[in-house]
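# Examination of the molecular architecture
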Amino acid sequence: LTAMPGWASAGPKQFGFGLRLHGGLNYLQGGDINGGLQGLYDWFYADVIHDGYVPQGNFKALHQGFEGGADLLVHLGRRFGLVLGVEYLRAAQESLLTVNSSPSGEMSFKPKITATPLKLGAFFILPMGRSLDLMLQVGAGYYWTKVYYDTTVTTSAGTSSARYDVSASGPGAHASLAIE
C-alpha cells in the first residue's frame, strides 16, 4: 500500500522533492533466526520424548509480518534521483508443543522480530502507462534489529515463563520494486 499526495508524488520532474509513505504486509525469509528457533523447538520436542511423553505440534517459522516507512525523494532528473528513508518491520508467530498424556501440559513459543533500517539509495522510474510507474530503488542502509522470544510452560503443577531478547545492528543492502 502506498499513500502519496499529488504534490509529493514520484512522477516525472526535472528537479524537486517528494515524500513517499508506504506500508503493508511483508514476507521475511528469516534465515539464521528461523533456523535457531527451529533448533530450540526441536530440542524441547526431543526432551519431552526423552521423558517418556508423546508431544504434538509443529514449529511455525517467522515469515509474515508488516512494514511501514517514509522516503524523502530528491529528483535529479525526470526519471531518477536519490532517496533517504526509514522503515519499521515486524514479524511474529506462535508455535505450540502439547502433551496430552498424564501429566498433560503445553509449551508456547512466541518469537517476534523487529527491524528499523535507515536507508540511502538511488531510484529509477520506468513509465508503464499514463498513470502507472514502476520504481526501482537500490542502496545501502544501517539496520537496528531486535529478536524477542517468549516461552510459557503450563502444566497441572502451574505455569512458568521466560523471555529472551537479542539486539544487533549493522550495515546492509536494500532493494525494492514498487508500482505507483
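Preceding block: the structure.
The structure reproduced in this document is the subject of the present report. Remember, it's a predicted structure, so these values are computed and weren't measured experimentally.

Each value, and the rule that gives it
- Residues numbered from 1 in each chain as written.
- Predicted model: local features only at pLDDT ≥ 70, side-chain atom pairs only at ≥ 80, totals over all residues.
- Heavy atoms only, no water.
- Core = buried A, V, L, I, M, F, W, Y, C linked by side-chain atoms within 4.5 Å.
- Buried < 20%, exposed > 50% of the residue type's maximum accessible area, 1.4 Å probe, protein only.
- Helix = DSSP H or I, 4+ residues; strand = E, 2+ residues; numbered from the N terminus.
- Contact = heavy atoms within 4.5 Å.
- Salt bridge = Lys/Arg side-chain N within 4 Å of Asp/Glu carboxyl O.

Leu-37, Tyr-41, Leu-62, Leu-97, Phe-109 and Ile-113 are the most contacted members of the largest nonpolar core, which totals 13 residues. Elements represented by at least two residues in this core include exactly helix H1 (31-50), strand E6 (95-99), strand E7 (105-127) and strand E8 (133-155). If we ignore the near neighbours within four places in the chain, the residues touching Ile-113 are Leu-28, Ile-33, Leu-62, Leu-89, Arg-90, Ala-91, Thr-145, Lys-146 and Val-147. By size, the runner-up hydrophobic cluster in this structure holds six residues, among which are Leu-73, Val-83, Phe-123 and Met-135.

This part is about the pattern of salt bridges. Tallying each qualifying case throughout the model produces six salt bridges. The salt bridge partner of Arg-20 is Asp-71, with a shortest N-O separation of 2.6 Å. Remark: Asp-71 occurs in strand E4 (residues 64-75) and Arg-20 occurs in strand E2 (residues 16-27); sequence separation between them is 51 residues. With respect to class, Arg-20 is no different from Asp-71; both count as buried. Each of Arg-20, Asp-71, Glu-87, Lys-119 and Glu-180 takes part in one network of salt bridges that share partners.

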